[in-house]
Amino acid sequence: MSGTIEVIEPATEAVMAELPRAGAEEVDAAVARAKAAFPAWRDVAPGDRASLLHRLAEALEERSGDLATLEARNAGKPIGDARGEIGMVVETFRYYAGAPERLLGKTIPVAGGVDMTFREPLGVVAMIVPWNFPLTIASWKVAPALAAGNVVVLKPAELTPLSALELERIALEAGLPEGVLNVVAGPGSVCGRQLVEHPDVAKVAFTGSTEVGRGIAAGAAETIKRVTLELGGKSANLVFADADLEAAAAAAPGAVFGNAGQDCCARSRILVERSVLDEFMAALAPVVEAIAVGDPLDEATQMGPLISAGQREAVAAYVPDDAPVAIRGDVPEGEGYWYPPTVLAPVANDDRAAREEIFGPVACVIPFSGEAEAIALANDTIYGLSGSVWSGDGGRALRVARALETGVISINSNTSVRVSTPFGGFKQSGVGRELGPDALDHYTEVKNVYYATGED
Ligand code: NDP
């Protein structure tokens, strides 16, 4: 143990909690507890494991008001958004509560016997999660991992550890056996690294920056750990001249300023067909200027502060004095890590603001001419997480969606994250898929068993 974590409320800059900071020893102890709990948890009958996960979902639902307030205060997100996120946490546990009884194998025709496959749990799975959607992203990993019979050590971000610690308490109260879900709150450079290097950890599931993800993949290679990585993004929102421009302009701000832009799915490059650029900008301006930025606990708030002073500094560096600021919203004065919704236009796709993940409320509008250029610009990035296509021509919309090198895409909509559908990135946005049926593949190993039935 090394000192204490002071948890800061980003809207007030005040300390909202203090807790012991875990170090390498606490990680080792958590991994040992998980390892000891594994054989019994793996052997819980599928229906009983399903019931326990349902009970956990119910317990979370009962506590959802408190959890939403905690998340809104600690992560600085609007209370309405926080409620939606805790709702998704509950839904995620419910969805995967259906999994233990549906982890089906195959029978494969072979000579001389019967061949069958089993989906076996991995053992101790470490999860390293970020501060932008603390409990939601944790649930995307914890729920399928537990459903498949794994045991978990979860490391939340030091900036936002409170909801994960609540989850650990609630899980115990709901009847999950001791040691099945363990939370260690400590720094990534110590606790995260220890989990990545630990010989008793079978897999690391990580969400965060591409840079740290790269280090985790390299570290995990030492012990051939399984790894899933959900990393950064610089997603494109393509608006063609034949789209419903009012609808596209009304939806674009939410897709980049949601969670104050601290969202790996943020559609932070808005690609607009040159012939309708002026019309689009005129429709976009009033929507951006009307965004209510303020106290996360105020029901009217649509955007809160950034997570930290450091994050605000990093975001501001993308908007120097000579930046082409076309639209800018308001922010409250006084304490809090505020940054206004900002639209830069026009921006070239090779400008720094268009290439790097800003992770703040800054959008770049990039004009294009024609379908081929739109696709080329959208794909000209190291990332490939999310994106949207707005067009009134169904054939074009689907053609472009298929041509984009990105894992999650929506047509005439900017929503693409659902509990029941796969989520994850192409290229340097990551490896593997979360949510939907696909996540379970990443928390199980396939075992093949051949049973000889006849004489040789
Ligand atoms: P990080 O990638 O540093 O943090 C994510 C998680 O990884 C945290 O739990 C962190 O712990 C942990 N971590 C940090 N270093 C290590 C390490 N060496 N080994 C193992 N685990 C580690 O993100 P930041 O918080 O620094 O944010 C920086 C940028 O990353 C953002 O501006 C954004 O661009 C991107 N990002 C992307 C996210 C996404 O959803 N894809 C989420 C968050 C950030 P701790 O913080 O406690 O030290």
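Just above, that's the structure.
None of the values given here were measured: they were computed from a predicted structure. (Residues numbered from 1 in each chain as written. Predicted model: local features only at pLDDT ≥ 70, side-chain atom pairs only at ≥ 80, totals over all residues. Heavy atoms only, no water.)

Caption draft 1: Structural context of the overall build of the chain. Along the chain, the regular secondary structure elements total 14 helices and 18 strands. For the chain, the C-alpha radius of gyration of 23 Å lies close to 23 Å, the compact-globule estimate for 456 residues. For the chain, the C-alpha atoms occupy an extent of roughly 75 × 55 × 40 Å along the three principal directions. Counting the 456 residues in the chain, one finds 56% classified as buried. Taking the intrachain contacts of the chain between residues at least 6 apart in sequence as the baseline, contacts between residues at least 24 apart amount to 72%. Entry remark: accessible area of the chain is about 18300 Å², with carbon and sulfur atoms responsible for 52%. (Helix = DSSP H or I, 4+ residues; strand = E, 2+ residues; numbered from the N terminus. Rg over C-alpha atoms; globule rule 2.2 N^0.38 Å. Buried < 20%, exposed > 50% of the residue type's maximum accessible area, 1.4 Å probe, protein only. Contact = heavy atoms within 4.5 Å. Areas by Shrake-Rupley, 256 points an atom, 1.4 Å probe, with all protein chains shown as cover.)

Caption draft 2: Quick peek at the nonpolar core. Leu60, Phe93, Met127 and Leu154 are the most contacted members of the largest nonpolar core, which totals 88 residues. Leaving out residues up to four positions away in the same chain, leucine 154 has contacts with Met127, Val129, Ala138, Val142, Ala164, Leu167, Asn182, Val183 and Val184. (Core = buried A, V, L, I, M, F, W, Y, C linked by side-chain atoms within 4.5 Å.)

Caption draft 3: The pairing of strand β6 (residues 151-155), seen in detail. Across the five residues that make up β6, a large majority, five, are buried. As defined by bridge partners, strand β5 (residues 124-128) adjoins β6 across five bridges and the pair is classed as parallel. Following the sheet pairing, isoleucine 128 is matched in β6 by lysine 155. Relative to strand β7 (residues 181-183), β6 runs parallel, the two being bridged by three bridges. Opposite valine 152, over in β7, you have leucine 181 as the bridge partner. The β-α-β motif built from β6, the intervening helix α6 (residues 162-173) and the parallel element β7 has right-handed crossover chirality. (Pairing = 2+ DSSP bridges. Right-handed = clockwise from strand over helix to strand, strands pointing away.)

Caption draft 4: Seen up close, a nonpolar patch on the surface. On the surface, a nonpolar cluster with roughly 250 Å² of combined accessible area is contributed by Ile108, Val110 and Tyr450. Among the structural elements, isoleucine 108 can be located in strand β3 (residues 107-108). (Patch = residues over 30% accessible without salt bridge, like charges linked within 9 Å, V, L, I, M, F, W, Y side chains within 5 Å. Salt bridge = Lys/Arg side-chain N within 4 Å of Asp/Glu carboxyl O.)

Caption draft 5: Spotlight on the packing of helix α3 (residues 64-75) against helix α5 (residues 134-147). Contact pair α3 / α5: the axes reach a minimum separation of 9 Å and the direction vectors enclose 115 degrees. Contacts between α3 and α5 involve Leu67, Glu71 and Ala75 on the former and, on the latter, Pro134, Leu135 and Thr136. Residues that form the contact of α3 with α5 fall into these classes: four nonpolar, one polar and one charged. (Axes fitted to C-alpha atoms, helices over the stretch in contact; angles between N-to-C directions. Nonpolar A, V, L, I, M, F, W, Y, C, P; charged D, E, K, R; others polar.)

Caption draft 6: Here's a closer look at the site of the ligand. Val129, Trp131, Glu158, Ser209 and Leu231 are the nearest of the 25 residues found near the ligand. Asparagine 132 places a side-chain nitrogen or oxygen 3.2 Å from an oxygen atom of the ligand. Lysine 155 places a polar side-chain atom, nitrogen or oxygen, 2.9 Å from an oxygen atom of the ligand. When the ligand sits alone it has 860 Å² of accessible area, and the protein chains cover 80% of it. (Near = heavy atom within 4 Å. Polar contact = N/O pair within 3.5 Å; in protein donor to acceptor, adjacent residues only side chain to side chain.)

Caption draft 7: Layout of the pattern of salt bridges. All told, the structure shown has 20 salt bridges when counted by the stated rule. As a salt-bridge pair, arginine 42 and aspartate 43 come within 3.5 Å of each other at their nearest N and O atoms. By relative accessible area, arginine 42 is classed as partly exposed at 37%. On the accessibility criterion, aspartate 43 (56% relative accessible area) is exposed.

Caption draft 8: Structural context of the side chain of glutamate 371. Structurally, glutamate 371 is set in helix α13 (residues 371-379). The exposure class assigned to glutamate 371 is buried, which follows from its relative accessible area of 16%. Side chain to side chain, glutamate 371 and arginine 396 meet in a polar contact 3.0 Å long. Aside from chain neighbours lying at most four places away, what touches glutamate 371 is Phe240, Arg396, Arg399 and Val400.

Caption draft 9: Fine view of the sheet that holds strand β16 (residues 410-411). Taking strand neighbours across the sheet as the criterion, the seven strands line up as β12-β13-β14-β11-β10-β15-β16 in an open arrangement whose pairing is mixed. Bordering the open sheet on either side are β12 (325-328) and β16, each of which pairs with just one other strand. Of the strand pairs in this sheet, strand β10 (residues 236-239) and strand β15 (residues 387-390) are connected by four bridges, and their pairing is parallel. What sits directly across from asparagine 237, in β15, is serine 388.

Keep in mind these numbers describe shape, not what the thing actually does.
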